Amino acid sequence: MPKPLPLTQHAHQIIRAHLTPDDYAIDATAGNGHDTVFLARHAAHVFAFDIQKQAIKNTKKRLHDEGFSNKVTLYHRSHQYLAEAIPLQFHQRIKVITFNLGYLPGSDKQIITQAESTLKALGASLQLLAPNGLITLLIYPGHSGGDTEYLSIQHWLSQSSEQLHINIIESARIRPGSPLLYVLQKTTFNNTLDKP
Ligand SMILES: C[S@@+](CC[C@H](N)C(=O)[O-])C[C@H]1O[C@@H](n2cnc3c(N)ncnc32)[C@H](O)[C@@H]1O
């Protein structure tokens with residue numbers, strides 16, 4: 001039997017099917033730059049955010065090494081300011097926004113995404129997304145602090161359900177607190193994931 005894909009790769013597969021080389025994308029949690037490089041490979045331009053200096057440095061280096069520096073604008077800033085930071089001309093033209101929540105791997109596990117700023121960033125994402133645009137949201141309810149963030153996101157989603165088509169993908173091996181991948185698509189009148 002083929003090995004099930006890790007959720008990070010599952011998210012990439014979904015994004016890959018959705019992005020064209022003319023599209024714009026946002027990485028809301030740049031971290032070590034894996035997702036930023038992936039988006040830069042498949043989009044026209046990427047806006048990437050992180051609050052940690054180390055994350056920005058790691059992402060900058062990875063982009064340089066992979067030859068994508070000129071396709072990415074990096075912001076050392078919280079994703080709650082997505083809408084303020086990204087020039088107006090790109091608003092409602094963003095095709096994909098990725099969130100990979102939690103802490104920076106290989107760094108201080110106390111510095112994690114927080115429910116309050118994550119929800120602000122999700123709200124801003126709705127303003128920035130193009131019609132039918134996607135948000136991929138990788139959530140870690142099992143991490144310290146991740147459970148509170150997870151519950152807040154669930155509540156936010158229950159209030160935003162008219163604007164979003166929601167698809168939840170679970171880890172292959174489900175244990176209490178296993179990570180979850182939410183794929184959210186901004187709906188227009190007649191469109192869903194099934195009817196692009
Ligand atoms: C799991 S890591 C992201 C992994 C990354 N996408 C990659 O491909 O390497 C989560 C990141 O979110 C960042 N973060 C935490 N709070 C944030 C915020 N308010 N705005 C932007 N980034 C934040 C952390 O600093 C950390 O680097």
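In the block above lies the structure referred to throughout.
Below you will find a few notes about this structure. What you see is a predicted model, and the numbers here were worked out from it, not measured in a lab.

### Observations regarding the overall build of the protein chain
Moving on, step 1. From N to C terminus, the protein chain includes six helices and seven strands.
Moving on, step 2. For the protein chain, the N- to C-terminal ordering of α and β elements is α-β-α-β-α-β-α-β-α-β-α-β-β.
Moving on, step 3. For a compact globule of 196 residues, the expected C-alpha radius of gyration is about 16 Å, and the protein chain comes in at 16 Å, within 12% of that figure.
Moving on, step 4. Each of the three principal axes of the protein chain carries a C-alpha extent, and together these read 40 × 40 × 35 Å.
Moving on, step 5. Here the contacts in the protein chain between residues at least 6 apart in sequence split such that 70% fall between residues at least 24 apart.

### Some remarks on helix 6 (residues 146–159)
Moving on, step 1. The first and last C-alpha atoms of helix 6 sit 20 Å apart over 14 residues, in line with the 20 Å expected at 1.5 Å per residue.
Moving on, step 2. Three or more residues of helix 6 are buried, namely Gly 146, Glu 149, Tyr 150 and Ile 153. Taken end-on, helix 6 shows its buried residues confined to a sector of 100 degrees, consistent with a single buried face. Facing away from the buried surface of helix 6 by more than 90 degrees, the exposed residues are Thr 148, Leu 151, His 155, Ser 158 and Gln 159.
Moving on, step 3. Where the residues of helix 6 are buried, they touch helix 5 (115–128) and strand 5 (129–139).

### A short note on the site of the ligand
Moving on, step 1. In the region of the ligand, 22 residues are neighbours, and Thr 29, Gly 31, Asn 32, His 34 and Leu 104 sit closest.
Moving on, step 2. Contributing elements (two or more residues each) for the shell around the ligand: helix 2 (34–42) and strand 2 (45–50).
Moving on, step 3. Here the residues of the shell around the ligand are counted per class, giving seven nonpolar, 13 polar and two charged.

### A short note on the sheet that holds strand 6 (residues 164–170)
Moving on, step 1. Read from one edge to the other, the open sheet built from seven strands follows the order 3-2-1-4-5-7-6, with strand pairing classed as mixed. The open sheet has two free edges, formed respectively by strand 3 (72–76) and strand 6, since each of these has just one partner strand. The sheet shows a mean angle of 15 degrees between the axes of neighbouring strands, direction not considered.
Moving on, step 2. Two strands pair when backbone bridges link them, and strand 6 and strand 7 (residues 180–186) are joined in this way by seven bridges, in the antiparallel orientation. Within strand 7, the position partnered with Asn 167 by the bridge is Val 183.
Moving on, step 3. Against the sheet, helix 3 (residues 53–66) contacts strand 2 and strand 3, and its axis sits at roughly 165 degrees relative to strand 3.

### Thoughts on the nonpolar core
Moving on, step 1. One finds Ala 25, Ile 26 and Val 46 to be the most contacted residues of the largest nonpolar core, which totals 48 residues.
Moving on, step 2. It is strand 5 that provides the largest number of residues to this core, a total of six residues.
Moving on, step 3. Excluding residues within four positions of it along the chain, Ala 25 makes contact with Leu 19, Leu 39, Ala 43, Val 46, Ile 94, Lys 95 and Val 96.

### With respect to unusual backbone geometry
Moving on, step 1. The backbone of Gln 92 shows a phi angle near 65 degrees, a positive value even though the residue is not glycine.
Moving on, step 2. Residues other than glycine seldom take positive phi values, yet Asn 132 does so here, at roughly 70 degrees.
Moving on, step 3. Summarising the element assignment, Asn 132 is placed in strand 5.
Moving on, step 4. Residue classification places Asn 132 among the partly exposed residues on the basis of 17 C-beta atoms within 10 Å.

### Some words on the environment of Leu 101
Moving on, step 1. With respect to the secondary-structure elements, Leu 101 resides in the loop between strand 4 (94–100) and helix 5.
Moving on, step 2. Note on Leu 101: 23 C-beta atoms within 10 Å, which makes it buried.
Moving on, step 3. Among residues more than four places away in sequence, those in contact with Leu 101 are Thr 29, Thr 113, Thr 118, Leu 138, Ile 139, Tyr 140 and Glu 149.

### Observations regarding the packing of helix 5 against helix 6
Moving on, step 1. Orientation of helix 5 relative to helix 6, taken along the N-to-C sense of each, is 30 degrees, at an axis distance of 9 Å. With respect to helix 6, the axis of helix 5 lies roughly parallel. At the point where helix 5 passes helix 6, the crossing takes the right-handed sense. Of the residues in helix 6, those in contact with Ala 115, Thr 118, Leu 119 and Leu 122 of helix 5 are Thr 148, Glu 149, Ser 152, Ile 153 and Trp 156.
Moving on, step 2. The residue makeup of the contact of helix 5 with helix 6, split by class, is five nonpolar, three polar and one charged.

Scoring rules and cut-offs
Residues numbered from 1 in each chain as written. Predicted model: local features only at pLDDT ≥ 70, side-chain atom pairs only at ≥ 80, totals over all residues. Helix = DSSP H or I, 4+ residues; strand = E, 2+ residues; numbered from the N terminus. Rg over C-alpha atoms; globule rule 2.2 N^0.38 Å. Contact = placed C-beta atoms within 7 Å. Expected span 1.5 Å × (residues − 1). Buried ≥ 20, exposed ≤ 12 C-beta atoms within 10 Å, placed from the backbone. Arc of directions from axis to C-beta. Near = placed C-beta within 6 Å. Nonpolar A, V, L, I, M, F, W, Y, C, P; charged D, E, K, R; others polar. Pairing = 2+ DSSP bridges. Axes fitted to C-alpha atoms, helices over the stretch in contact; angles between N-to-C directions. Core = buried A, V, L, I, M, F, W, Y, C linked by C-beta atoms within 7 Å. Parallel < 35°, antiparallel > 145°, perpendicular 65-115°, else oblique. Left-handed = near helix turned anticlockwise from the far one by under 90°.

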